[in-house]
Amino acid sequence: MMSKTKELNVPMSPKYMLIYLSAISRVRHIALLLLLPFIAFCESDFKKDKHHILSVVSENDFYFEDFIRSDKYYTAGHYLSYTSKEFDDSFLNKIKLFSYFSRHSFARLNVSLSQEIYTPANKSATKPSSDDMLYGAAVIVSFSSINRTKNFMEQLGIDMGLAGPLALGEQIQNSVHKLTDKNPSRGWDTQIKNEFLLNLHYGMIYSVKLIDNVADILPQGQIFLGNAYTAISAGARLRIGYGIKNDFGIQKYKSKMSQVMVDNGLKIYALAGVNGSLVGSDIFIEGNTFKGVKSHLNLERTLYEYELGVAIGYKNISLSYLFTRGSKKFKEQDEFHSYGSLRLDMSF
């Protein structure tokens with residue numbers, strides 16, 4: 001009995017335990033060596049983009065006027081931006097939120113200059129009706145950090161600018177109307193007064209691959225906080241085409257998200273999407289924050305919109321169009337409103 005008991009205790013001796021642990025360690029190292037080529041292949045598909053990007057965006061309800069005869073409310077937006085190449089070791093890589101959960105991310109700087117113009121439905125009256133939208137315009141300079149992982153992009157930025165006559169909305173709009181042989185807007189003397197604008201914005205997009213490089217779903221969300229606009233929004237897009245890898249879809253000016261081009265090959269796709277928003281404030285509907293022009297309009301707190309878009313790109317140039325149809329932004333609004341976004345992106 002004693003000898004049998006001794007034999008049963010042999011495997012538990014320190015000598016055998018060390019041999020056992022050493023064998024397990026060797027198996028782990030061998031498995032890691034076998035997986036290294038696969039790991040390297042996966043990471044090689046996610047590379048730093050060394051290109052800079054120049055973008056020009058023009059938004060206008062005139063771009064869809066032939067179908068719905070709309071020339072009111074948010075009637076025009078113009079946007080010029082520069083996006084730097086990507087970095088992996090700059091201060092921009094620390095200006096992020098959810099990208100911290102990824103092992104690898106690249107960051108780039110975006111700087112933009114923009115103007116947006118708003119008018120009532122009745123532009124022939126020198127004094128708009130109290131149940132119509134205010135005249136207003138803003139010129140804004142934006143600085144933001146963009147962080148990108150393989151399937152995720154987020155952008156955190158700050159907007160600074162001016163709303164009111166100094167934004168030159170009257171001069172720009174009536175000059176364009178004169179060139180296109182349209183009647184001038186006559187109520188600009190009633191526009192909101194000059195006010196300094198300060199807004200923070202954050203946006204994120206995630207790509208859920210359905211068919212690699214052919215189809216994906218893009219859930220997205222944005223937060224806006226400031227005296228120009230305060231809101232939170234969320235939505236999703238379905239995109240189908242070719243060359244969509246490492247790309248996050250068409251971005252309009254109002255979303256405050258930048259369009260990044262990573263691959264220089266052929267890119268062509270169509271998309272459809274829906275968005276919903278909860279709105280806290282909107283200076284162009286409610287009027288000046290402090291002293292100035294105030295409206296009697298009742299802000300709609302819950303908004304929704306749908307989008308349809310197409311994009312085509314090759315090598316260092318991309319052209320896209322996005323149609324947006326949105327719900328009423330104030331209760332007195334007579335109907336839904338639509339506008340189109342034309343976008344040109346060039347990398348170098």
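Conventions and cut-offs
- Residues numbered from 1 in each chain as written.
- Predicted model: local features only at pLDDT ≥ 70, side-chain atom pairs only at ≥ 80, totals over all residues.
- Heavy atoms only, no water.
- Helix = DSSP H or I, 4+ residues; strand = E, 2+ residues; numbered from the N terminus.
- Buried < 20%, exposed > 50% of the residue type's maximum accessible area, 1.4 Å probe, protein only.
- Pairing = 2+ DSSP bridges.
- pLDDT = per-residue confidence, 0-100.
- Contact = heavy atoms within 4.5 Å.

Novice: Is there a simple way to think about unusual backbone geometry in this case?
Specialist: Most peptide bonds take the trans form, and the phi angle of most residues other than glycine is negative. Positive phi is not limited to glycine here, since leucine 168 has a value of about 65°. By the element assignment, leucine 168 lies in the loop between strand E5 (152-163) and helix H4 (169-179). Phi at lysine 256 takes a positive value of approximately 60°, unusual for a residue other than glycine. Within the secondary structure, lysine 256 is located in the loop between strand E9 (229-242) and strand E10 (267-282). Residue classification places lysine 256 among the buried residues on the basis of a relative accessible area of 16%.

Novice: In this structure, what is going on with the pairing of strand E13 (residues 337-347)? I would like to understand it.
Specialist: Residues in a regular strand project their side chains so that they alternate between the two faces of the sheet. Taking burial as the measure, the 11 residues of E13 include eight buried ones, the bulk of the element. Strand direction decides the pairing type here: strand E1 (residues 53-60) and E13, joined by eight bridges, are antiparallel. Across the sheet, the residue bridging to glutamate 59 is serine 341, located in E13. Bridge count for strand E12 (residues 317-326) against E13 is 10 bridges, and the pairing is antiparallel. Residue pairing in the sheet places isoleucine 317 in a bridge with methionine 346 of E13.

Novice: Would you explain the confidence of the model for the chain in this entry?
Specialist: Interpretation of the predicted coordinates at a detailed level should be avoided for regions scoring low in pLDDT. The predicted model of the chain has a mean per-residue pLDDT of 86, with 85% of residues at 70 or higher. Low pLDDT, under 50, characterises residues 1-12; the stretch is placed with two contacts to residues that sit more than four places away or in other chains.

Novice: So what exactly am I meant to see when it comes to the pairing of E9 here?
Specialist: Inspection of the sheet shows strand E8 (residues 215-226) paired to E9 by 10 bridges, in the antiparallel sense. By the bridge assignment, phenylalanine 224 is partnered in E9 with alanine 231. Connecting the antiparallel pair E8 and E9 is a turn made up of two residues. In this sheet, E10 lies alongside E9 in antiparallel orientation, the contact comprising 14 bridges. Of the residues in E10, the one forming a bridge with arginine 239 is leucine 271.

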